[in-house]
Amino acid sequence: MFALYVTLTCLTALGAFGGVWMNFTQHPVTVAAAEQVRVPLSWTRPIGVVFLAGALGLVAGFALPAVGIAAAGGLVLHFGCAMIAHIRVRDFDLINPGIALTLVTVNFAVTLAYYLG
């Protein structure tokens, strides 16, 4: 169980750090996604901060379990809201946010199982 927890947490944190970079640099993929769901481009940096908090929280969770659990739960909420944002504008190409939501949800479940047993 420990190996699964560490692997999933590292993979999820790496993905979140990628989201930080994409949002802070206003990568074309991020800009296109923001335009697709009608989110102002001025929101990309605050969303990047959410990713940064999630990624750092996941890493901190190795030493402080409550922080890791909160970070994993926060990322689940973020990507759940991202799915709603896509559906709201009738964008049903949900592969990318769906994969991300699946990864963070599985990470959250494994984190809970590992710490709360």
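All values derive from a computational prediction rather than experimental measurement. (Residues numbered from 1 in each chain as written. Predicted model: local features only at pLDDT ≥ 70, side-chain atom pairs only at ≥ 80, totals over all residues. Heavy atoms only, no water.)

Visitor: Hey, could you run me through the nonpolar core in this one?
Guide: Side chains of a nonpolar character, in soluble globular proteins, are inclined to be buried together. By size, the foremost hydrophobic cluster in this structure holds 12 residues: A13, A16, V20, F51, A55, L58, A71, A72, L75, F79, A100 and V104. Of all the secondary structure elements, the ones that give two or more residues to this core are α1 (2-24), α3 (44-60), α4 (65-88) and α5 (95-116). No other element matches the four residues that α4 contributes to this core. Setting aside anything within four residues of it in sequence, one finds A16 in contact with F51 and A55. (Core = buried A, V, L, I, M, F, W, Y, C linked by side-chain atoms within 4.5 Å. Buried < 20%, exposed > 50% of the residue type's maximum accessible area, 1.4 Å probe, protein only. Helix = DSSP H or I, 4+ residues; strand = E, 2+ residues; numbered from the N terminus. Contact = heavy atoms within 4.5 Å.)

Visitor: What is the right way to look at α5 in this model?
Guide: Spanning 22 residues, α5 covers 31 Å between terminal C-alpha atoms, matching the ideal 32 Å at 1.5 Å per step. Restricting attention to buried positions, one finds in α5 the residues P97, G98, A100, V104, N107, V110 and T111. At its buried positions, α5 is contacted by α1, α3 and α4. Phi for G117, located one or two positions after α5, is positive at around 65 degrees. (Expected span 1.5 Å × (residues − 1).)

Visitor: I tried to follow the layout of surface pockets on my own but got confused; where do I start?
Guide: A water-sized probe rolled over the atoms picks out the places where empty space is left. If you add up the space inside the largest pocket, you get close to 1,100 Å³. Taken together, 36 residues make up the lining of the largest pocket; nearest its centre are A33, F51, F79, H86 and P97. Tallying contributions element by element places α4 first for the lining of the largest pocket, with eight residues. The residue makeup of the lining of the largest pocket, split by class, is 22 nonpolar, 11 polar and three charged. (1 Å grid on protein atoms, 1.4 Å probe; cavity = no way out; pocket = protein on both sides within 12 Å on 5 of 7 lines; lining within 4 Å. Points joined across faces, edges and corners; volume = space filled by probe spheres on them. Nonpolar A, V, L, I, M, F, W, Y, C, P; charged D, E, K, R; others polar.)

Visitor: It is not clear to me how the packing of aromatic side chains should be interpreted in this structure. Could you clarify?
Guide: Think of a pair of aromatic rings as described by two things: how far the centres are apart, and how the planes are tilted against each other in angle. If you walk through the whole model with that rule in mind, you get six aromatic pairs. With a centroid separation of 4.9 Å and an interplanar angle of 75 degrees, the aromatic rings of Y114 and Y115 are classed as edge-to-face. On the accessibility criterion, Y114 (31% relative accessible area) is partly exposed. Taken together through their ring pairs, the aromatic side chains of F2, Y5, F62, Y114 and Y115 make up a single cluster. (Phe/Tyr/Trp six-rings, centres within 6.5 Å; stacked < 30°, edge-to-face > 60°.)

Visitor: Explanation requested: a nonpolar patch on the surface in the structure shown.
Guide: Judged by side-chain polarity, M1, F2, L4 and Y114 come together as a nonpolar surface patch covering roughly 400 Å² of accessible area. Within the secondary structure, M1 sits in the segment before α1. A residue is classified by how much of its surface remains accessible, and M1, at 52% relative accessible area, is exposed. (Patch = residues over 30% accessible without salt bridge, like charges linked within 9 Å, V, L, I, M, F, W, Y side chains within 5 Å. Areas by Shrake-Rupley, 256 points an atom, 1.4 Å probe, with all protein chains shown as cover. Salt bridge = Lys/Arg side-chain N within 4 Å of Asp/Glu carboxyl O.)

Visitor: Help me out: how do you make sense of the packing of α1 against α3 in this one?
Guide: Helix packing geometry: the angle between the two helix axes and the distance between the axes. Running from amino to carboxyl end, α1 crosses α3 at an angle of 160 degrees, the nearest separation of the two axes being 8 Å. As summarised for this structure, α1 and α3 are arranged roughly antiparallel, according to the angle between their axes. Seen from above, α1 lies across α3 with left-handed handedness. In contact with T9, T12, A13, A16, F17, G19, V20, N23 and F24 of α1, α3 contributes T44, R45, I47, G48, V49, F51, L52, A55, L56, L58 and V59. Residues belonging to the contact of α1 with α3 are distributed by class as follows: 13 nonpolar, six polar and one charged. (Axes fitted to C-alpha atoms, helices over the stretch in contact; angles between N-to-C directions. Parallel < 35°, antiparallel > 145°, perpendicular 65-115°, else oblique. Left-handed = near helix turned anticlockwise from the far one by under 90°.)

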